[in-house]
Structures are given as structure tokens and as C-alpha cells.
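Chain residues, written in single-letter form:
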Amino acid sequence: MTVFQTLQHYFSFPFVVYALIAGTLIALCSSLLGVTLVLKRFSFIGDGLSHVAFGAMAIASVLKLTNNMLLILPITVFAAVLLLAGSQNRKIKGDAAIAMISVGSLAFGYIIMNVFSTSSNVSGDVCSTLFGSTSILTLSKLDVWLCVALSIVVIAVFVLFYNKIFAVTFDENFARATGTKASAYNLLIAIIIAVIIVLAMNLVGSLLISALVIFPALSAMRVFKNFRSVTICSAVFSVVISVIGILASILAGTPVGSTIVAFDVAGFFVFWAIGALTGKKI
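The structure presented is a predicted model; accordingly, all values stated were derived computationally and were not measured. (Residues numbered from 1 in each chain as written. Predicted model: local features only at pLDDT ≥ 70, side-chain atom pairs only at ≥ 80, totals over all residues. Heavy atoms only, no water.)

Their axes nearest at 7 Å, the elements helix α2 (residues 14-39) and helix α11 (residues 209-221) cross at an angle of 65°. Put simply, α2 runs roughly perpendicular to α11. Crossing geometry of α2 relative to α11 is assigned as right-handed. Residues Ile 26, Ser 30, Ser 31, Gly 34, Val 35, Leu 37, Val 38 and Leu 39 of α2 form the contact with α11, whose own contacting residues are Leu 212, Val 213, Ile 214, Pro 216, Ala 217, Leu 218 and Met 221. Among the residues forming the contact of α2 with α11, the class breakdown is twelve nonpolar, three polar and no charged. (Axes fitted to C-alpha atoms, helices over the stretch in contact; angles between N-to-C directions. Helix = DSSP H or I, 4+ residues; strand = E, 2+ residues; numbered from the N terminus. Parallel < 35°, antiparallel > 145°, perpendicular 65-115°, else oblique. Left-handed = near helix turned anticlockwise from the far one by under 90°. Contact = heavy atoms within 4.5 Å. Nonpolar A, V, L, I, M, F, W, Y, C, P; charged D, E, K, R; others polar.)

Right, here's the structure in full:
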């Protein structure tokens, strides 16, 4: 059986289609906001929020909630607001606020999962949550529809407020001087990235989510310098890499999240080489 025949066989299963739809949408949304976060030197907000989501997931599992998204999403969004406030506080800088919330949430989440364990394999559950499930069978039809709905909202917000996000990204002080409510748009960016983090946890795990945000943006910046060009290239790069990663994980039987990140790293070095060979950015 050839590779194409094998893939055709797998495409007959709904869980493969679900994974491709969810993976594509998550990758697209992550890359759009990733450029802004990298340029604002706030890349690790994804890492911090993913750890918060892990802590919230631990609480949801202990409470045996039927739909843990009802608890994880609001807690993660609230943490995003706190991180934004921390970045604007002179006593607690942005990176310190991220570190505090990130490490604290991760520690409390792990303690909760151990003390109030509802599973006979706590280590396996923690590993699966942190690094992503070893199988894409975990994505249900409800997960996919929720992903589609929230992704549409994220993309619509980015397109509608593109000019404002651009202004806040490059020169926040100038944006304030021209009457732009920079704080409101920073808050909007933080909330959107919180939504993306929660969606991505089922696919890549909480420890690998930052890769979806950082690598596409950094890769595009090796070749392009225009904000719009970088954003478009980042989106295309992220979607293509995610599809390749998912298909490769199916064929090789490797964890989906780790496989996608591995291809992200490889793609970055390819773009780095292209940028080095061309000698100038477009």
C-alpha cells in the first residue's frame, strides 16, 4: 500500500478529518496573533496562559465537569487580563507577571491532580495534557464545531481591527496620541490569545502551544519585513506545517503535537537559510 493509499484510507475516518479541520484553524489563528505578540516582545504570554489552562483543567477534572471548557475558558481569559495589568505595572513587569502566573498555575494544577486524583494513571494524564494526546481520537465533533465557531470570531476580530492592532503593535505611544484606545486593544489581543490557547490544548498540549505562536512569525520574519507580508506568510506557513505534521503523525504513529512542533522547527531553519541566501528581506 502506497503512502497516498494509506492516507486515503485514513481520510475515511471522521477523527482524521476532525483533526485536520481543528489543526488548520488553530494554526491559522495562532499565527495571526503570533506576529503581534513577537513584535511586542510578549511571546511568552502563550506559555503562561497554557499553564493557567492546565491548572484550570486539573480543577475541572476533579469537579468532574461534563464540559470542562466552561471552566477553563473563563479562567484563562481572566488570567490574560491579569497578565496585561501586570505588564503595565511598574513594580511587576510583563515577563515577571507571566513567570509568576505560569509557574504557580502549573504547580497548583499538578498538586490538585495528585491529591484529588480521579484516575489510576495520573502521570499519564499529566503527560498527555502537557505534551498533547498521543492520539487524535480525542477530538470530538463538539470540539470541532466549537473550534470552528471560536476561530471565525478570532479571524473576524483580527480582520475588522487590523489597522488598530497594527498601530498598537508598532508604536503604542503614538497610537495613544492619535486617540486609539491602546489599552482596550491590548486587552482584546490578550483575550483572543487566551481563546486560542484553550483550543490548542487538545491538539498540541499546554507546553507546546507557544511553538504555534512563535515559530511561524519568526520564520516569516527571516524572509519578509512588511507587517502584512509577514502576517500572510506566517499564516500560510503555520497551516501548511500543521497539515504536514498531522499527516506525518498518522503515518508514523507519533504524538500529533510534538510532530507539528518538530516540523515548525525544521521549517524555521529552512526560512532562515532562505533569508541568509537572499541577503535581504522582501
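After that view, the rundown keeps rolling.
Another aspect to go through is the environment of Val 52. Take Val 52: it is sitting in helix α3 (residues 45-63). Sequence separation of Val 52 and Ser 102 is 50 residues, and the distance between their C-alpha atoms is 6.2 Å. In contact with Val 52, other than residues within four places in its own chain, are Ile 75, Thr 76, Ala 79, Ile 101 and Ser 105.

Moving on, we come to helix α8 (residues 162-170). Looking only at α8, the buried set comprises Tyr 162, Ile 165, Val 168 and Thr 169. For α8, the arc enclosing every buried residue in end-on projection is 130°, short of the 170-degree limit, so these residues lie on one face. (Buried < 20%, exposed > 50% of the residue type's maximum accessible area, 1.4 Å probe, protein only. Arc of directions from axis to C-beta.)

A word on the confidence of the model for the protein chain. For any part of a model where pLDDT is low, the fine detail of the predicted coordinates should not be relied upon. Across the protein chain, pLDDT averages 78, with 81% of residues at or above 70. The weakest mean pLDDT in the protein chain belongs to helix α6 (residues 122-131) at 55; the strongest belongs to helix α12 (residues 227-252) at 89. (pLDDT = per-residue confidence, 0-100.)

As a further point, take the side chain of Ser 242. Here Ser 242 lies in helix α12. When neighbours within four sequence positions are excluded, Ser 242 is seen to be in contact with Gly 23, Ala 27, Leu 212 and Ile 260.

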